[in-house]
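So the chains spell out like this:
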Number of protein chains: 2
Amino acid sequence: MTLNQLLQNAPKNLPILQATFGLERESLRINKSTHKVAQTPHPKVLGNRSFHPYIQTDYSEPQLELITPVASSTSEALRFLGAITDVAGRSISKDEYLWPLSMPPRITENEIGIAKLDSQYERNYRKHLAETYGKLLQSMSGIHYNMELGKDLVQSLYQQSGYRSMVDFRNDLHLKLAQNFLRFRWLLTFLYGASPIAEQGFLETPLTKPVRSLRNSSYGYVNHDEVRISYDSLEHYISDIEACVSDGRLIAEKEFYSPVRLRGSKRNRDYLTNGVTYLEFRCFDLNPFDNKGITQETVDTVHLFALSLLWLDSSSAIDQEIAKAQKLNDAIALAHPLDKLPDEAPVKDILDAMQAVINHFDLPNYYQNLVDKIVEQIAQPNLTLSGQLVDYLEDLSLENFGQEKGQGYQDYAWQAHYALKGYETMELSTQMLLFDVIQKGLNFEIMDESDQFLKIWHGNHIEYVKNANMTARDNYVIPLAMENKIVTKKILSEAGFPVPAGSEFDNKDAALRYFSQIKDKPIVVKPKSTNFGLGISIFKDSVSLEDYEKALDIAFSEDNSVLVEVFIAGTEYRFFVLDGVCEAVLLRVAANVVGDGKHSIRQLVAIKNSNPLRGRDHRSPLEIIDLGDIELLMLQQQGYSPDDILPDGIKVNLRENSNISTGGDSIDVTSSMDASFKQLAADMAKTMGAWACGVDLIIPDKNHISSKENPGATCIELNFNPCMYMHTYCQEGEGQALTIKVLEKLFPEIV
Amino acid sequence: MTLNQLLQNAPKNLPILQATFGLERESLRINKSTHKVAQTPHPKVLGNRSFHPYIQTDYSEPQLELITPVASSTSEALRFLGAITDVAGRSISKDEYLWPLSMPPRITENEIGIAKLDSQYERNYRKHLAETYGKLLQSMSGIHYNMELGKDLVQSLYQQSGYRSMVDFRNDLHLKLAQNFLRFRWLLTFLYGASPIAEQGFLETPLTKPVRSLRNSSYGYVNHDEVRISYDSLEHYISDIEACVSDGRLIAEKEFYSPVRLRGSKRNRDYLTNGVTYLEFRCFDLNPFDNKGITQETVDTVHLFALSLLWLDSSSAIDQEIAKAQKLNDAIALAHPLDKLPDEAPVKDILDAMQAVINHFDLPNYYQNLVDKIVEQIAQPNLTLSGQLVDYLEDLSLENFGQEKGQGYQDYAWQAHYALKGYETMELSTQMLLFDVIQKGLNFEIMDESDQFLKIWHGNHIEYVKNANMTARDNYVIPLAMENKIVTKKILSEAGFPVPAGSEFDNKDAALRYFSQIKDKPIVVKPKSTNFGLGISIFKDSVSLEDYEKALDIAFSEDNSVLVEVFIAGTEYRFFVLDGVCEAVLLRVAANVVGDGKHSIRQLVAIKNSNPLRGRDHRSPLEIIDLGDIELLMLQQQGYSPDDILPDGIKVNLRENSNISTGGDSIDVTSSMDASFKQLAADMAKTMGAWACGVDLIIPDKNHISSKENPGATCIELNFNPCMYMHTYCQEGEGQALTIKVLEKLFPEIV
């Protein structure tokens, strides 16, 4: 049996692109003032390193390792990496940034503190590495690229192969891939090598010219010469490694550093019974031109490259081939970045294979473009990563370049810091919760992105969360009760809480008879089902029978059930209650500007809109203020035109309503609101049986202290899907982080 | 201070009609064969008499007492009474019915078994009554009418009155009402007296002619002459009763039988400090022409009558007035039903007062009609209840009339027995749950009728229920997960349950690439968000690339997310799972008729539609089959016209789809479905975390036994709001009562 011609014989509609991906990226934390490796411990805010699936420390304490979960596409993997990068950037000290290059800045051995891991074994292993290879080498960073062929793809190929054992097939398939990877990886070194220099002090004998990839050369992180592993069969491969471990050439199997690793079992010998599951490509330098260290284009090119390795036949004398390729790779890695590929590089073989895969499986144009780009880079080495870096070299140093890029990426992480990069189409509170999930190292799956439906887990403990606050902690019927204003009022009122007195009517006659009970009071007449819609009449003083009847006619024209309620004067506050505790209080005020005696109203609006918290469509904590018809009319009624200079200190409202969605301001008053009102709101939520709940209270006098007998506040609505983000990033006030509180309540074991 | 002229001086828009009402109705259980009082114990299905708020036993074991909760209108009170009557009728043995008359059928003392109550005190009290009054008197039944004036009404009158104490005001107000009630209650005896005879053996000296109301006469259930209670002041009233109790004329305060009772405290003396809250009018004979024993018209007339008692001045010599009125009442009660009112009856006084109330407060025309009707009845006594009964007398007996009416009302209770009378506009499952609530004696409040939102409680234990199955037992996020088919499939699939393999695509290119994975399989292509809407293509064998592409185009024209799923052939069953146990399994089949060789298809449809389970708009367990365009086309395609005689045994489908809503049949297969499938469905619901859940399984072969390895069924949907009633009343099969199971799970303490 042979795996040659397997793809060639496969049907055109084989799911050839089906695969899963995982990326790991290392990066050093750098102090912003000294531009030296940070001497601070791993950020506490990242929780517990013993289980954190996304943000770990690699060799040394300041070396972060960012690890994506398994993704079902390259774009999903990069989105994960972007988000984890975003979280890492905002989790490290504001005095630090991440080094964007594989080669560290100027560094000395004693700056490299071994990671303070819990595991004694891991600490000992790192000590051994320091002794064997020196600590400096451990400060290099790179990207590992994990790839597993899709289940349907492997199954189809297996059926076609004639193999009788899936384990054998998997092992042969992956061994062939690994062999061919080693034969052709020099192309990746050429294209993506990005470690052209070592900063002063790193090498005993400094370079005299830039190279493509120090890290992928013999100067890089490689095993000593006595570690020689055959790839001619899986059995040889395994027994060679085992021999090295048993005679001490390696301290553990994992100390065998190959640019490609077989993966799926912890012990190599287990592959013989379980089969290799996936491969890890370990040769990628950090791409300093991308904040994530690798681009979408690179990830997809490598995917196509891997498929073309499967297209190519295996070599018969594989170990010699690999040794030859290793020499070629070393030459290319140590060549000047602007040098062309040496003639002996079998570039046509690999390019033809890539082209053949594209043609045979009729891949989208996108993949053709990727190959065209490789051809271009081969012709013009200045287009490769190391070729581009030549322009930034200053005296064979990239210190300034690295500092500028690293700080730029850190600034980028703090841009629109309320959002989670890559997930901006999701609701803002869900983005914030996902940020917390990644930061605290919980596992997650987006079950349905447009539905904001998340699965979050830690060990065996699973929680489903929708809209960041709909969880298993609330019971089903209570949100349904809160959805119904009549029911909500009844429950609160039966429990003795203040709600607007009123009644529901299904005919005008009965409503008219109610007049005697409300005639001296301020009232609201409204259709039952449209609370903020048409048909609402408000009488802030009192109402005549004639006007009352008119209001009833208007309301009954909208709904056949009408509410007549006492109108409560005062200021409306939103209390956010979680698990019986009021965690935030917000005042919302209408869109407005305050004059400075210098700028026009139009200019003041523009200045206010320049706040990065303001955006559009609820994907920012505050909305852009428009100067539309409604705002202009509002200005006109107050005697202003938009180009008037507004006197110093004069405040002009641009809207009647205080909704955030029409440019209103959010003012966090959590700390200034009297505790008695917070307790009242919390008691209401508890009475209702709500876990996460927004309580809207009208408070006529904030200086009044609330009590059971004299609450001084009236509840006009409970909200079962309360917006959380508006409490966090406010126009005024410090803001309250709420999504993390939800998460810590859901997973108390990680707190 | 005086209460005279209080209403006369009140503003026209006083909420005069504001009041709450409660009705109590006694009735004897009668054996259907013997037409004698039933000798069976109180129905077990009614649960525990020690707390049942609606259905109690009165004096004797066979005498039911039906008690409404407090209602905020007369119509609500009657609706309650109708529902409780309905539940009582369907809770007693099918061999029994309720006696519709106040006077019992032929009865002897030893047929009257004292109610087997838990309380020793209550049993002793009843023994005392038997000794004092004889058991026969205890077998008379009537209606007690409780009425409390509205809070706003009382408050307004109090403010206007000049009283300084609300307690004093309440006491004076209610005493005046009670005094005037006693002065004018003869009018009620005239209008609503309905006990014209006693059956043979009841009276020692039989009547020689019919009367108006034996029960309201001196033959009725009255205290002995030595019990004389003054009404001239509350203090006198209380001390007179206390004196009777202390010297043994009465065994307890409650033994004082007056046609009107002050209510609100258990001990009369407490009124002096707490105030009287409401009045109980106790003089109403059962109206045998209404299944509830009293009509809406009567209840409203009495309401108006009570208000007119408030309009009338008090008398200065009240005890003499009451004594005089008592004599008048006795005369009227013992007069022939067709006799006119005696001249000395001050009928003008009370009619004028009623008219004055209508005029002063501008009451709706309805109330004028009620007064006009009284005037008519005064002129034509044959229109009164006893007047009407004259026609049914046979040898001074109403045995035959009582049997016929009683059995008729019992038949009515079993008409549309799936519904709860008076609540037919609510969803059927909610009606069924309310039936169970009343039957088991739980308290309830309909928080929002159109929202099917109930509050149910027992002691301090409150449960809210919407749509009969949305409760606090389910957590909030799981129904939201089930609402989302993608999420549901992911959760089930991750737990290893069979769901249709498939994928979601947001672009056609990716979906086309998926072709190789599905090309040999039966598939469904559907827009993500419209499951039963447009854009679905089903390929039951396999699909060509061309057809697949067309199907994708159709689906993408409906939604920008498209699902491609393996089509699962087999029969779809609905499994209803509650709290981890599958309680019912239903097969739904398309609307159809089966020929008998005699009737045309049209006639067969009509016969099928005559099933009382069939109705319209989901307010019956099955829907009427229409012979509309779709059905006629379906017939035509099978080569039939609607007037063809269908051969014996031939089944013709009238619809493609099996929905109950288009006339489909429900077939209960709970007992025949293999337990392994029920376990599978229950396991799915448990995995999902659902408490109440509908599991739709496709089963290709019902004879296959399901196992974990080879489940033999595929889940195509979970339903978080599963219809319950369709499992209970089926076209075929015994049916499964589910709402009672929900209720017993919610309130295990009553089981």
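Residues numbered from 1 in each chain as written. Chains lettered and ligands numbered in written order. Predicted model: local features only at pLDDT ≥ 70, side-chain atom pairs only at ≥ 80, totals over all residues. Heavy atoms only, no water.

As annotated in an unreviewed UniProt entry, chain A is Glutathione biosynthesis bifunctional protein GshAB from Streptococcus henryi. Under the UniProt heading Function (unreviewed entry), the entry covering chain A gives this text: "Synthesizes glutathione from L-glutamate and L-cysteine via gamma-L-glutamyl-L-cysteine." Recorded under Sequence similarities (unreviewed entry), the UniProt text for chain A is reproduced unchanged: "In the N-terminal section; belongs to the glutamate--cysteine ligase type 1 family. Type 2 subfamily." (UniProt positions renumbered as here; feature names shortened; annotations may be inferred.)

When you look at the overall build of chain A in this model, what are you seeing that I'm missing?
Helix and strand counts for chain A come out as 25 helices and 23 strands. Overall, the C-alpha framework of chain A stretches about 105 × 65 × 50 Å when taken along its three principal axes. Across chain A, the fraction of contacts at a sequence separation of at least 24, relative to all contacts at a separation of at least 6, is 72%. Looking at chain A as shown, the accessible area adds up to about 30400 Å², and 49% of this sits on carbon and sulfur atoms. If you average the places of the 73 positive and of the 101 negative side-chain charges in chain A, the two averages end up 2 Å apart. (Helix = DSSP H or I, 4+ residues; strand = E, 2+ residues; numbered from the N terminus. Contact = heavy atoms within 4.5 Å. Areas by Shrake-Rupley, 256 points an atom, 1.4 Å probe, with all protein chains shown as cover. Lys, Arg positive; Asp, Glu negative; His and termini not counted. Charge placed at Lys NZ, Arg CZ, Asp CG, Glu CD.)

Can you help me understand the state of the cysteines in this one?
Think of a disulfide as a covalent bridge from one cysteine sulfur atom to another cysteine sulfur atom. Scanning all chains against the criterion turns up 0 disulfides over all chains. Its sulfur unpaired, C693 of chain A is 7.9 Å from the next cysteine sulfur, which belongs to C715 of chain A. Looking at the unpaired C582 of chain B, the closest cysteine sulfur is the one in C693 of chain B, lying at 10 Å. (Disulfide = S-S within 2.5 Å.)

How do you make sense of the sheet that holds strand β16 (residues 581–589) of chain B when you look at a structure like this?
Strand pairing within a sheet occurs via backbone hydrogen bonds; the two strands may be parallel or antiparallel. Residues and elements named next belong to chain B. On the basis of which strands lie adjacent, the open sheet formed by 5 strands has the order β21-β16-β15-β22-β23 and antiparallel pairing. At either end of the open sheet lies a strand with only one pairing partner, and these are β21 (665–668) and β23 (714–719). Going from strand to strand, the sheet's axes swing by 30 degrees on average, the running direction of each strand aside. Here strand β15 (residues 571–578) runs beside β16; their pairing, made up of 6 bridges, is antiparallel. Paired with F576 across the bridge in β16 is A584. (Pairing = 2+ DSSP bridges. Axes fitted to C-alpha atoms, helices over the stretch in contact; angles between N-to-C directions.)

Can you walk me through the interface of chain B and chain A in this structure?
One widely used convention gives an interface's size as the accessible area the parts lose upon coming together. On the side of chain A, 46 residues touch chain B, which itself brings 46 residues to the contact. Our count for the chain B to chain A interface comes out at 4 salt bridges. E494 of chain B serves as the salt-bridge partner of K455 of chain A, at 2.4 Å between the closest nitrogen and oxygen. Across the contact surface, chain B and chain A share 18 residue pairs in polar contact (both at pLDDT 80 or more). Counting residues per element, the ones that place at least two in the side of chain B that touches chain A are β8 (443–448), β9 (453–458), β10 (461–466), α15 (477–483), α16 (485–494), α17 (508–513) and α18 (515–518) of chain B. Partitioned by chemical class, the residues of the side of chain B that touches chain A number 24 nonpolar, 8 polar and 14 charged. (Salt bridge = Lys/Arg side-chain N within 4 Å of Asp/Glu carboxyl O. Polar contact = N/O pair within 3.5 Å; in protein donor to acceptor, adjacent residues only side chain to side chain. Nonpolar A, V, L, I, M, F, W, Y, C, P; charged D, E, K, R; others polar.)

Sorry if this is basic, but what is going on with the sheet that holds strand β16 (residues 581–589) of chain A here?
All names here are of chain A. Reading across the sheet, the 5 strands line up as β21-β16-β15-β22-β23 and stay open at both edges, with antiparallel pairing between neighbours. Looking at which strands have only one partner, the edges of the open sheet turn out to be β21 (665–668) and β23 (714–719). The mean angle between the axes of side-by-side strands here comes to 30 degrees, regardless of whether they run parallel or antiparallel. Across the sheet, helix α23 (residues 675–688) touches β15 (571–578), β16, β22 (692–699) and β23, and the angle it forms with β22 is around 130 degrees.

Before we go on, may I ask you to explain the pairing of strand β14 (residues 562–566) of chain A in this structure?
Looking down a regular strand, the side chains alternate between one sheet face and the other. All names here are of chain A. When you tally the buried positions in β14, you get 5 out of 5 residues, the bulk of the element. Judged by which residues are buried, β14 turns out to be covered on both faces: V562, V564 and V566 on one side and L563 and E565 on the other are all buried. When strand β11 (residues 502–505) meets β14, the two strands line up antiparallel, connected through 4 bridges. Its bridge partner being in β14, E504 is matched across the sheet by L563. Relative to β14, strand β12 (residues 523–527) runs antiparallel, the two being bridged by 5 bridges. (Buried < 20%, exposed > 50% of the residue type's maximum accessible area, 1.4 Å probe, protein only.)

Where do I start with the packing of aromatic side chains in this structure?
In this description, an aromatic ring pair is defined by two values, namely the gap between the centres and the angle between the planes. Scanning the entire structure with this criterion turns up 53 aromatic pairs over all chains. Note on Y158 of chain A and F169 of chain A: the rings are 5.6 Å apart at their centroids and 50 degrees apart in plane angle, and the pair reads as tilted. Of this pair, Y158 of chain A sits in helix α4 (residues 151–161) while F169 of chain A is found in helix α5 (residues 166–184), placing the two residues 11 residues apart along the sequence. We note that Y158 of chain A, like F169 of chain A, is buried. K455 of chain B extends its terminal NZ or CZ atom over the ring of W457 of chain B, reaching a point 5.1 Å from the ring centre. In this arrangement the basic side chain of K708 of chain B is found over the ring face of F497 of chain B, its NZ or CZ atom lying 5.0 Å from the centre. (Phe/Tyr/Trp six-rings, centres within 6.5 Å; stacked < 30°, edge-to-face > 60°. Lys NZ or Arg CZ within 6 Å of the ring centre and 35° of its normal.)

Please clarify how the relation of the copies chain B and chain A should be interpreted in this entry.
Look at the two chain copies: a rotation about an axis and a shift along it is all it takes to match them. Structural alignment of chain B on chain A gives an RMSD of 0.1 Å, achieved by rotating through 180 degrees and translating 0.0 Å along the axis. The relationship between the two copies is best expressed as a two-fold rotation axis. Both copies present the same face, since 100% of the interface residues in chain B are matched by interface residues at the equivalent positions in chain A. (Least-squares fit on C-alpha atoms with pLDDT ≥ 70 in both.)

Please explain helix α14 (residues 399–414) of chain A as it appears in this structure.
A turn of α-helix holds 3.6 residues, and therefore any two residues three or four places apart point the same way. Residues and elements named next belong to chain A. The end-to-end C-alpha distance of α14 is 23 Å, a good match for the 22 Å that 16 residues give at a rise of 1.5 Å each. All of the buried residues in α14 are E399, F401, G402, Q403, G406, Y409, Q410 and A413. The elements touched by buried residues of α14 are α1 (74–91), β4 (96–98) and α13 (385–389). One or two steps after α14, the chain reaches A416, where phi turns positive at roughly 45 degrees. (Expected span 1.5 Å × (residues − 1).)

How should the environment of D674 of chain B be read in this particular structure?
Residues and elements named next belong to chain B. Tracing the sequence through the fold places D674 in the loop between β21 and α22 (675–688). Looking at D674, the relative accessible area reads 25%, which means it is partly exposed. Residues D674 and N703, 29 residues apart in the sequence, show an inter-C-alpha distance of 7.9 Å.

Got a minute to help me understand the side chain of S195 of chain A in this structure?
Note on placement: S195 of chain A falls in the loop between α6 (186–192) and α7 (234–246). Setting aside residues up to four positions removed in sequence, S195 of chain A forms contacts with S102, M103, V211, R212, S213, L214, R215 and D285 of chain A.

Even after reading the chapter, I still don't get the packing of helix α5 (residues 166–192) of chain B against helix α8 (residues 296–311) of chain B, so can you show me in this structure?
A pair of packed helices is captured by two measures, namely the crossing angle of their axes and the spacing between those axes. All names here are of chain B. α8 packs onto α5 with a crossing angle of 135 degrees between their chain directions and a minimal axis gap of 9 Å. It follows from the interaxial angle that α5 and α8 lie oblique. In this structure, α5 crosses over α8, and the sense of that crossing is right-handed. When α5 is examined against α8, the residues L173, K176, L177, N180, F181, F184, R185, L187, L188 and Y192 are found in contact with a partner set consisting of T298, T301, V302, F305, A306, L309 and L310. Residue classes in the contact of α5 with α8 are distributed as 12 nonpolar, 3 polar and 2 charged. (Parallel < 35°, antiparallel > 145°, perpendicular 65-115°, else oblique. Left-handed = near helix turned anticlockwise from the far one by under 90°.)

What is the right way to look at the pairing of strand β7 (residues 278–285) of chain A in this model?
All names here are of chain A. Across the 8 residues of β7, 7 count as buried, placing the element largely inside the fold. Examined bridge by bridge, strand β5 (residues 142–149) and β7 share 5 bridges and lie antiparallel to one another. If you follow Y145 over to β7, its bridge partner there is F281. Here strand β6 (residues 260–263) runs beside β7; their pairing, made up of 4 bridges, is antiparallel. Each bridged residue has a counterpart across the sheet, and for L262 the counterpart in β7 is L279.

Hey, could you run me through the packing of α1 of chain A against helix α15 (residues 428–440) of chain A in this one?
Residues and elements named next belong to chain A. With their axes 10 Å apart at the nearest point, α1 and α15 run at an angle of 75 degrees to one another. With respect to their mutual orientation, α1 and α15 come out roughly perpendicular. Contacts from A83, I84, D86, V87, R90 and S91 of α1 reach α15 at F435, I438 and Q439. Taken together, the residues of the contact of α1 with α15 sort by class into 5 nonpolar, 2 polar and 2 charged.

Just to check I follow, could you spell out unusual backbone geometry for this structure?
Backbone geometry places A416 of chain A, a non-glycine residue, at a positive phi of 45 degrees. Take A416 of chain A: it is sitting in the loop between α14 and α15. A416 of chain A sits in the partly exposed class, given a relative accessible area of 33%. You will see that D395 of chain B, though not glycine, has its phi angle at about 50 degrees, which is positive. Tracing the backbone through its elements, the reader meets D395 of chain B in the loop between α12 (385–389) and α13 (399–414). Note on D395 of chain B: relative accessible area 79%, which makes it exposed.

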